[in-house]
Amino acid sequence: ITVDIAAISDTYAVAWGHSETLSMKKNARGEITPERKYIIDGLHGFRSTTVLDEFTKDVLTVPVDVLAAKEFIKNLFISLRSVALIAFDQWNSLDIIQDFQKSRIPAVSTDFTPAYKEAIYTNFREQLNLHNVMIYDSQFEHDWREKARMELTFLKKYQTGPNMKIAHPNKGAVTTDD
């Protein structure tokens, strides 16, 4: 299970999946390695909402219900029964990680450094291009599958001076990378 925490402007995203070993094969160095398929079993998101203040007529943003998100993740962990790890983006995740660890739920923080983002982006794109990533439509609630597809489509590598950056566009149809 992987979790990208958000409060207001992005999606509090939860994704889960597994890998299956199909066969063993020799790689370019002559080593025997497993040929794997990666199955995305589900995606779920929590979004902030907007409401109209009846007195001021201002539009207010109501943050994500983090308790509902936490409960969803706990229930998912229990229902899946064989979760190896719950990996959280490091942003604002210390409290939930510590709470889960106290409950003996295997939770860790992942630091999304530029080098790490480039490595996972490159590996995931490669696996997609090799048709090693599978998604079963029936497992997805609402529009999360389409949202993920759109975000992957628009996610790009940008050269910023001497550094490479993996990011979403700042304007256009998709401006998040949850």
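Residues numbered from 1 in each chain as written. Predicted model: local features only at pLDDT ≥ 70, side-chain atom pairs only at ≥ 80, totals over all residues. Heavy atoms only, no water.

Here we come to the overall build of the protein chain. Of regular secondary structure, the protein chain possesses 4 helices and 10 strands. Reading the protein chain from its N terminus to its C terminus gives the helix and strand order β-β-β-β-β-α-β-α-β-α-β-α-β-β. Buried residues in the protein chain amount to 29% of all 178 residues. Counting only contacts in the protein chain whose residues sit at least 6 apart along the sequence, the fraction spanning at least 24 positions is 51%. A total accessible area of about 11800 Å² is found for the protein chain, and carbon and sulfur atoms account for 55% of it. (Helix = DSSP H or I, 4+ residues; strand = E, 2+ residues; numbered from the N terminus. Buried < 20%, exposed > 50% of the residue type's maximum accessible area, 1.4 Å probe, protein only. Contact = heavy atoms within 4.5 Å. Areas by Shrake-Rupley, 256 points an atom, 1.4 Å probe, with all protein chains shown as cover.)

Turning next to the sheet that holds strand E3 (residues 32-46). If you trace the 6 strands from one edge of the open sheet to the other, you get E7-E6-E1-E2-E3-E8, paired in mixed fashion. In this open sheet, the two edge strands, each paired with only one partner strand, are strand E7 (107-110) and strand E8 (133-135). Neighbour to neighbour, the strand axes of the sheet diverge by 30° on average, direction disregarded. For strand E6 (residues 86-89) and E7, the ladder comprises 4 bridges, and the chain directions are parallel. From the neighbouring strand, Phe 88 faces E7, where its bridge partner is Ser 109. Helix H1 (residues 66-80) contacts strand E1 (2-4), strand E2 (12-26), E3 and E6 of the sheet and is inclined by roughly 30° relative to E2. Packed onto the sheet, helix H2 (residues 94-102) meets E2, E6 and E7 and runs at close to 155° relative to E7. (Pairing = 2+ DSSP bridges. Axes fitted to C-alpha atoms, helices over the stretch in contact; angles between N-to-C directions.)

Looking at the secondary structure, you find Thr 21 in strand E2. When the C-alpha atoms of Thr 21 and Tyr 38 are compared, they prove to be 9.0 Å apart, with 17 residues separating the residues in sequence. In this structure, Thr 21 is in contact with Pro 34, Glu 35 and Arg 36, ignoring residues within four places of it in sequence. Polar contacts involving the side chain of Thr 21 include one to the side chain of Arg 36, which spans 3.1 Å. (Polar contact = N/O pair within 3.5 Å; in protein donor to acceptor, adjacent residues only side chain to side chain.)

With their axes 12 Å apart at the nearest point, H1 and H2 run at an angle of 35° to one another. The two elements H1 and H2 cross, and the hand of that crossing is right-handed. Judged by residue contacts, Lys 70, Ile 73 and Lys 74 of H1 engage Ile 96, Asp 99 and Phe 100 from H2. Its residues assigned to classes, the contact of H1 with H2 shows 3 nonpolar, no polar and 3 charged. (Left-handed = near helix turned anticlockwise from the far one by under 90°. Nonpolar A, V, L, I, M, F, W, Y, C, P; charged D, E, K, R; others polar.)

Core analysis: the largest hydrophobic core is formed by 22 residues, its most contacted members being Val 3, Tyr 12, Val 14, Ile 73, Ile 86 and Phe 88. Excluding residues within four positions of it along the chain, Ile 73 makes contact with Val 3, Tyr 12, Val 14, Ile 86, Phe 88, Ile 96 and Phe 100. (Core = buried A, V, L, I, M, F, W, Y, C linked by side-chain atoms within 4.5 Å.)

What follows concerns the environment of Gln 101. Among the structural elements, Gln 101 can be located in helix H2. Among the polar contacts made by the side chain of Gln 101, one reaches the main-chain carbonyl oxygen of Ala 107 at a distance of 2.7 Å.

Quick look at a nonpolar patch on the surface now. A surface patch of nonpolar side chains, about 200 Å² in accessible area, is lined by Val 51, Leu 60 and Val 62. On the secondary structure map, Val 62 appears in strand E5 (residues 59-62). Val 62 gets classed as partly exposed once you look at its relative accessible area, which sits at 34%. (Patch = residues over 30% accessible without salt bridge, like charges linked within 9 Å, V, L, I, M, F, W, Y side chains within 5 Å. Salt bridge = Lys/Arg side-chain N within 4 Å of Asp/Glu carboxyl O.)

A few words on the confidence of the model for the protein chain. Residue-level pLDDT values for the protein chain average 81, and 78% of them are 70 or greater. Per-element averaging of pLDDT across the protein chain places strand E10 (residues 163-167) at the bottom with 65 and H2 at the top with 94. (pLDDT = per-residue confidence, 0-100.)

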